[in-house]
Amino acid sequence: MYRVVIAAAAAAGLAACSLNSGAISSGFAEDQTSAVSKRPQPTVALGGEPSVARPLQVARLDDRAPRGSYENAQRGMLSDRDYSSTALDPEKARDVINQYRRDNKLKPLKLNAELTEAAKAHSRDLSKWDRISHYGSDGSNPWDRVKRTGYKARLAAENVGTGQVDFEEVMRGWKASPGHNKNLLLSDASEMGLALVQDPKSEFKSFWTLVLAAPM
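Since the model is a prediction, treat every value here as computed from it, not as a measurement. (Residues numbered from 1 in each chain as written. Predicted model: local features only at pLDDT ≥ 70, side-chain atom pairs only at ≥ 80, totals over all residues. Heavy atoms only, no water.)

## Overview of helix α1 (residues 90-103)
Turning to step 1, where the next piece is worked out: For α1, which comprises 14 residues, the first-to-last C-alpha distance of 20 Å matches the rise-based estimate of 20 Å (1.5 Å per residue) to within 8%.
Turning to step 2, where the next piece is worked out: Taken together, the buried positions of α1 are Ala 93, Ile 97, Asn 98, Tyr 100 and Arg 101. The arc enclosing the buried residues of α1, seen along the axis, measures out at 155°, which places them on a common side. In α1, the exposed residues that point more than 90 degrees away from the buried face are Lys 92 and Asp 103.
Turning to step 3, where the next piece is worked out: Near the N-terminus of α1, the side chain that reaches the backbone nitrogen of Glu 91, with its oxygen 3.1 Å away, is that of Asp 89.
Turning to step 4, where the next piece is worked out: Looking one or two residues past α1, Lys 105 carries a phi angle of roughly 60°, positive in sign. (Helix = DSSP H or I, 4+ residues; strand = E, 2+ residues; numbered from the N terminus. Expected span 1.5 Å × (residues − 1). Buried < 20%, exposed > 50% of the residue type's maximum accessible area, 1.4 Å probe, protein only. Arc of directions from axis to C-beta. Polar contact = N/O pair within 3.5 Å; in protein donor to acceptor, adjacent residues only side chain to side chain.)

What follows is the structure in structure tokens.
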């Protein structure tokens, strides 16, 4: 069985609410968190650091993300927050996630270069379009982006967050949201990739993507 699980969270770690709300919210209501089955085409799995550079497939000239599948920030809604110290330490973030998993009697995750590449590609794309979504501007979904890196997955899951100042805030929001929390505690996941892209000119300011997976 091959499956991809998705969940999104927006700024300030607030609980999920519906699209087009006036408050800082997640891009998706909880009941829109979904799992679908997909069978990937044969690909080359690259363990560890990628041996060759591969072009990232991110934004295209024409925006193909399905209407209603993303949310944009209200103008100026995060302008009073200080992002000067916002940064990501992947190893520390991994340790935070793994401690949470251990507390729930689950095996820890290993950082994977291909999953990190998939996470970076999506965070860059979200930053370019200044929105929160699981769809890339080329219409890609999380499974597509994992496949592009050469990772041969039997399970792929994605959490997205925008507007958080640090990873601690991201984790608080994800843990408080049933959909995101379910992804953090996927018992079958064994590897992860995590990325942060910042753009002070954007309304959302920070764009976080977590990809969890298990190889075939």
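## Thoughts on unusual backbone geometry
Turning to step 1, where the next piece is worked out: Even without a glycine there, the phi angle at Lys 105 is positive, about 60°.
Turning to step 2, where the next piece is worked out: Considering the arrangement of structural elements, one finds Lys 105 in the loop between α1 and β4 (110-111).
Turning to step 3, where the next piece is worked out: On the accessibility criterion, Lys 105 (77% relative accessible area) is exposed.
Turning to step 4, where the next piece is worked out: Positive phi, normally seen in glycine, also occurs at Lys 205, with a value near 70°.
Turning to step 5, where the next piece is worked out: Take Lys 205: it is sitting in the loop between β7 (191-198) and β8 (206-215).

## Overview of the pairing of β7
Turning to step 1, where the next piece is worked out: For β7, the tally of buried residues reaches seven of eight residues, placing the bulk of the element in the interior.
Turning to step 2, where the next piece is worked out: Relative to β7, β4 runs parallel, the two sharing two bridges. For Lys 110, the partnering residue across the bridge sits in β7 and is Glu 191.
Turning to step 3, where the next piece is worked out: Examined bridge by bridge, β7 and β8 share eight bridges and lie antiparallel to one another. Bridging across to β8, Leu 196 finds its partner in Trp 208. (Pairing = 2+ DSSP bridges.)

## Considerations on the pairing of β8
Along any regular strand, the residues point their side chains to alternate faces of the sheet.
Turning to step 1, where the next piece is worked out: β8 sits mainly inside the fold: nine of its ten residues count as buried.
Turning to step 2, where the next piece is worked out: Where strand β6 (residues 153-162) meets β8, nine bridges bridge the pair, whose relative direction is antiparallel. Its bridge partner lying in β8, Leu 155 is registered against Ala 214.

## Focus on helix α2 (residues 113-129)
Turning to step 1, where the next piece is worked out: With 17 residues, α2 extends 25 Å from end C-alpha to end C-alpha; this agrees with the ideal 24 Å at 1.5 Å per step.
Turning to step 2, where the next piece is worked out: Within α2, 13 of the 17 residues are buried, which leaves the element mostly enclosed by the surrounding structure.
Turning to step 3, where the next piece is worked out: Its side-chain oxygen at 2.9 Å from the backbone nitrogen of Glu 114, Asn 112 defines the N-terminal cap of α2.
Turning to step 4, where the next piece is worked out: Asp 130 sits one or two residues past α2 and shows a positive phi near 55°.

## Observations concerning the packing of aromatic side chains
Turning to step 1, where the next piece is worked out: Inspection of the entire model under this criterion finds three aromatic pairs.
Turning to step 2, where the next piece is worked out: On the numbers, 6.4 Å between centres and 85° between planes, the contact of Phe 167 with Trp 174 is edge-to-face.
Turning to step 3, where the next piece is worked out: Judged by its relative accessible area of 5%, Phe 167 is buried.
Turning to step 4, where the next piece is worked out: Looking at Trp 174, the relative accessible area reads 0%, which means it is buried.
Turning to step 5, where the next piece is worked out: Considering the side-chain rings of Phe 167 and Trp 208, the 6.2 Å spacing of their centres and the 45° angle between planes classify their relative orientation as tilted. Of this pair, Phe 167 sits in helix α4 (residues 167-176) while Trp 208 sits in strand β8, and the two are 41 residues apart along the sequence. Both residues of the pair, Phe 167 and Trp 208, count as buried.
Turning to step 6, where the next piece is worked out: An aromatic cluster is built from Phe 167, Trp 174 and Trp 208, whose rings are joined through pairwise contacts.
Turning to step 7, where the next piece is worked out: Just above the ring of Tyr 100 sits the side chain of Lys 175; from NZ or CZ to the centre is 4.6 Å. (Phe/Tyr/Trp six-rings, centres within 6.5 Å; stacked < 30°, edge-to-face > 60°. Lys NZ or Arg CZ within 6 Å of the ring centre and 35° of its normal.)

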